[in-house]
Amino acid sequence: MLDILIRNGRIVDGTGIPAYHGDLGIEGGRLRQVGGHLNVDARHMVDAGGHVVAPGFIDPHTHFDAQLLWDGQARPALEHGVTTVVHGNCSLSLAPLKAAHRPRLVRMFQQIEEMPDAAFDGAFEWTWEAFDAYVDALRGRLSLNVAPLAGHSPLRMWVMGEEAQGRAATPDETRAMQQLLRECLEAGAIGLSTSYVDFDENMRPVPSRYAHAEELDALCSVLGDFGRMLQVVPEFYSTDITIARIDQLAELSLAHGIPTTFSPLFDSVTMPANVSRVLDRVAEQFARGARVWPQVQTRPIDISFSFEVASLFFVTQPMWYMILRLPREQRLAAFRDAATRKSLIDAVEAGGSSPWGELRVRDSADASLIGRTLGDIAEERGGSPAAVMIDLSVEEDFGVHFLSASMGHDDPSRVGPTLANDLVHVGASDAGAHIQSFATYGDTGYLFDRFVRDGRYLSLEHAVRKITSETAQIWGIPDRGLLKPGAAADVVVFDPETIGRGAELPVTDMPENGMRYVRDASGIDAVIVNGEVAWSAADGYTEATSGNVVLP
Amino acid sequence: MASPETTETAIVDAVVSPGHDGQAVLVVRLRHENGVVDAVTLDAVTAEKVLEACNADSPDALRGQPWTRLLAVMDD
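Quick caveat, the model's predicted, so the values are computed rather than measured.

A. Summary view of the nonpolar core. Grouped together as the largest cluster of nonpolar side chains are 191 residues, with contacts concentrated most on Leu181, Val493 and Ile528 of chain A together with Leu26 and Val28 of chain B. Composition of this core by domain shows at least three residues from each of domain 1 (58-300 + 409-455) and domain 2 (303-406) of chain A. Leaving out residues up to four positions away in the same chain, Val28 of chain B has contacts with Ile11, Ala14, Ala39, Val40, Leu42, Leu62 and Leu70 of chain B.

What follows is the structure, encoded as structure tokens:
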């Protein structure tokens, strides 16, 4: 008897071959049979109803490091069909980490990934210092699979203490870091992450940025012993420097036989040649035999802001920008002043038009306003969108947040072909980070919605391959990403006609009722992890804790 | 024989753009002495310092400013 029998599926097996109709049998956490008609009993039956049956999606760039300790389902990633996540990106991981260094690292997480205090304070018990103990803390509570990276910054802190954030490592310290990394890899780390751009809360470069090239080379030699990944955040603000990093990564890849990946890489009208120039250099390095995978996200980039800080959104409106840079009380007084308010509105509407009508309220104490456009609210209240922006901000003591949606990486005719490029690694979701600014979930649904169903830049089979087997191969994740007999039974069933990313919603499901933005799944029927149903549209999340660490 | 004309690297223009973290950034394009145009992305704090250093009240006022002013702020 099978554990699960999925009948009447349109099987997209992750290899990229055309879809075919058939059944899928699961037993003991493994795929027993894929395709054909199975006339056997099963403890659990799933009628796919002709919908797609595919390998579970793999998200290679997340920051679920802390969330997984109180939420082994990594909500809402799982309900979007994600069955494996890589976390510990961007030089930051929660292990290896000495107890004395916890506050310092937590502040970095809060600064860089915009994670709230409550995510680290009281939401879980710090039971580990070494990487293997962190992995042990995760085991048994996971509903999806994890592939944790060891962060270069905590690695340096462990060995160098306070001086990790101030100087290069000595040869002895480098050797100590090598040994520490080796222990992480032996405990199941999928690789090492590092960053060349991030700052801590005091605007000091994070520890990884103090490493000299020799130190990274030494660490990569350890990665080479295991064939594991180096993940890098390059200086993405400059195409030229990013290209220089690509060359550096290529040399490390060739010297040590390791895969490397970097992110973010995104399209913008202000840097129109960025993606093409970067991909040209990536192609050159692949031709040499190096593996340097650029990660490209599927979703467009929004700008979010409030009157609490002076966003560059206002930099083209000098009067607004000047007032927003005033000390808080003076700022509030200026916006409350009737004459100043009128001057600000007049400045925006100088050309006779009323811009900003398409801006949306992202967060407000008045839930009925969230998601509405300023134009819509202005029509209801009277006045202009600019007036509404001021009035709402003053009424809520600057607590209202606004959204200018799809400001970059938003042209499907440019992003679509990029995602379809054989040398592009679809990823960079940042899931679990920036949670109070925007939702980082549902990028996989968006891929099918915008670039398969609408744009037809990728076939269904190609898109599935991109976020399943291709990701598994790039990262060296064994046994996943394909529907084939004997493989781990990570499966997602979805409707190709309706799969999407859902609407962005503010929720208060973080520890201590903390707020974050999420997106509910759309078009996903069921998600199976290691042979157990972890989520279904009919029943929601289950009690399954069948997730695991993908490397032993 | 006349030598090629050279001019100091200068700011071509500056445009507000979204950063990957959802914050607005300022993309400053520079024209180098050899004619190549490249862009540098500034976060809000750095952009504000650059505007102040250039005595500019808007991105448009950065046009033509020497890149050394940008460099001085970024090296600060």
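B. Highlighting the sheet that holds strand 9 (residues 191-195) of chain A. Residue and element names in this part refer to chain A. Judged by pairing direction, the sheet is parallel, and its eight strands sit side by side in the order 6-7-8-9-10-11-12-16 without closing on themselves. Two strands bound the open sheet, and with one partner strand each, they are strand 6 (57-59) and strand 16 (425-426). Bridge count for strand 7 (residues 82-87) against strand 8 (residues 145-151) is four bridges, and the pairing is parallel. In the strand pairing of strand 8, Val85 is matched with Val146.

C. Fine view of the domain arrangement of chain A. Taken domain by domain, chain A comprises domain 1 (58-300 + 409-455) and domain 2 (303-406). A straight line from the C-alpha centre of domain 1 of chain A to that of domain 2 of chain A covers 35 Å.

D. Here's a closer look at the sheet that holds strand 15 (residues 401-408) of chain A. All names here are of chain A. Here three strands make up an open sheet; going across it, the order is 13-15-14 and the pairing antiparallel. Only two strands of the sheet have a single neighbouring strand rather than two, namely strand 13 (301-306) and strand 14 (360-363). In this sheet, neighbouring strand axes are inclined to one another by 45 degrees on average, regardless of whether the strands run parallel or antiparallel. One ladder, built from five bridges, connects strand 13 with strand 15; its direction is antiparallel. Each residue of the ladder has a partner; that of Phe305, found in strand 15, is Phe402.

E. Molecular detail of the confidence of the model for chain B. Residue and element names in this part refer to chain B. Across chain B, the average pLDDT comes to 84, with 89% of residues at or above 70. Predicted confidence is poor over residues 1-5, with pLDDT under 50, and the contacts of this stretch with residues over four places away or in other chains come to zero contacts. Interface confidence for the predicted complex, given as ipTM, is 0.81, next to a pTM of 0.91.

F. Broad picture of helix 1 (residues 44-53) of chain B. Residue and element names in this part refer to chain B. Those residues of helix 1 lying buried are Ala47, Val50 and Leu51. Across the axial projection of helix 1, the buried residues extend over an arc of 100 degrees, all falling on one side. Positive phi shows up at Asn55, right after helix 1, with a value of about 50 degrees.

G. The arrangement of the interface of chain A and chain B in detail. Across the boundary between the two partners, chain A contributes 26 residues, which contact 20 residues of chain B. Those elements giving two or more residues to the side of chain A that touches chain B turn out to be helix 7 (239-256), strand 13 and strand 15 of chain A. If one sorts the elements of the side of chain A that touches chain B by residue count, strand 13 of chain A sits on top with five residues.

What counts and how
Residues numbered from 1 in each chain as written. Chains lettered and ligands numbered in written order. Predicted model: local features only at pLDDT ≥ 70, side-chain atom pairs only at ≥ 80, totals over all residues. Core = buried A, V, L, I, M, F, W, Y, C linked by C-beta atoms within 7 Å. Buried ≥ 20, exposed ≤ 12 C-beta atoms within 10 Å, placed from the backbone. Domains from an automatic or database assignment. Contact = placed C-beta atoms within 7 Å. Pairing = 2+ DSSP bridges. Helix = DSSP H or I, 4+ residues; strand = E, 2+ residues; numbered from the N terminus. Axes fitted to C-alpha atoms, helices over the stretch in contact; angles between N-to-C directions. pLDDT = per-residue confidence, 0-100. Arc of directions from axis to C-beta.

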